[in-house]
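Spelled out, the chains give:
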Amino acid sequence: MHEATAEQPEVPLEEQAGPLPWKDLMPHFARGVVIRVAPELDLIEVARAIRDDATHQVSEWLANDQVARASDDDARRWAANDPIFTAIVAAPWVLAQERTPAH
């Protein structure tokens with residue numbers, strides 16, 4: 001991550017998260033960089049933990065399957081249901097939390 005400058009202040013994580021349909025998340029899935037975040041977790045908290053390398057907390061979420069690299073099964077379900085996600089980049093990952101079906 002680069003340092004914020006006076007000309008270009010760092011945008012808070014809360015302002016970086018936004019809605020994303022499956023069709024726009026699909027290319028990131030194809031690159032293998034989508035992390036599925038369980039709906040009961042705070043997406044901003046997860047992004048902050050990953051960004052700050054909070055290994056203990058991230059390991060706990062991984063162990064409980066609350067945070068995981070999106071699988072082919074996830075992709076098939078998303079393709080069938082066409083959900084809307086709240087997504088945020090925590091480089092190199094794209095964190096995606098399923099919100100609602102688009103239909």
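Residues numbered from 1 in each chain as written. Predicted model: local features only at pLDDT ≥ 70, side-chain atom pairs only at ≥ 80, totals over all residues. Heavy atoms only, no water.

A. Representation of helix α2 (residues 22–30). All of the buried residues in α2 are Trp-22, Leu-25 and Phe-29. Down the axis of α2, the sector holding all buried residues measures 65°, keeping them to one side. The exposed set on the far side of α2, more than 90 degrees from its buried face, consists of Lys-23 and Ala-30. Remark: Gly-32 follows α2 within two positions and exhibits a positive phi of approximately 80°. (Buried < 20%, exposed > 50% of the residue type's maximum accessible area, 1.4 Å probe, protein only. Helix = DSSP H or I, 4+ residues; strand = E, 2+ residues; numbered from the N terminus. Arc of directions from axis to C-beta.)

B. Representation of the nonpolar core within the structure. Core analysis: the largest hydrophobic core is formed by 15 residues, its most contacted members being Val-37, Leu-41, Val-46, Trp-61, Val-67, Ile-88 and Leu-95. If you list the elements that add at least two residues to this core, you get β2 (34–37), α3 (43–51), α4 (55–63) and β4 (83–90). Apart from residues no more than four positions distant in its own chain, Trp-61 is found in contact with Leu-41, Glu-45, Val-46, Ala-49, Gln-66 and Val-67. Judged by nonpolar contacts, the second largest core, of 13 residues, contains Trp-22, Val-34, Ala-70 and Ala-75. (Core = buried A, V, L, I, M, F, W, Y, C linked by side-chain atoms within 4.5 Å. Contact = heavy atoms within 4.5 Å.)

C. Quick peek at the side chain of Gln-97. Take Gln-97: it is sitting in strand β5 (residues 93–101). Overall, the relative accessible area of 0% leaves Gln-97 in the buried class. Here the side chain of Gln-97 touches Ala-38 through a polar contact of 2.7 Å, landing on its backbone oxygen. A polar contact is formed between the side chain of Gln-97 and the backbone oxygen of Leu-41, at a distance of 2.7 Å. Beyond its immediate stretch of four places on either side in the chain, Gln-97 contacts Val-37, Ala-38, Pro-39, Leu-41, Leu-43, Ile-84, Phe-85 and Thr-86. (Polar contact = N/O pair within 3.5 Å; in protein donor to acceptor, adjacent residues only side chain to side chain.)

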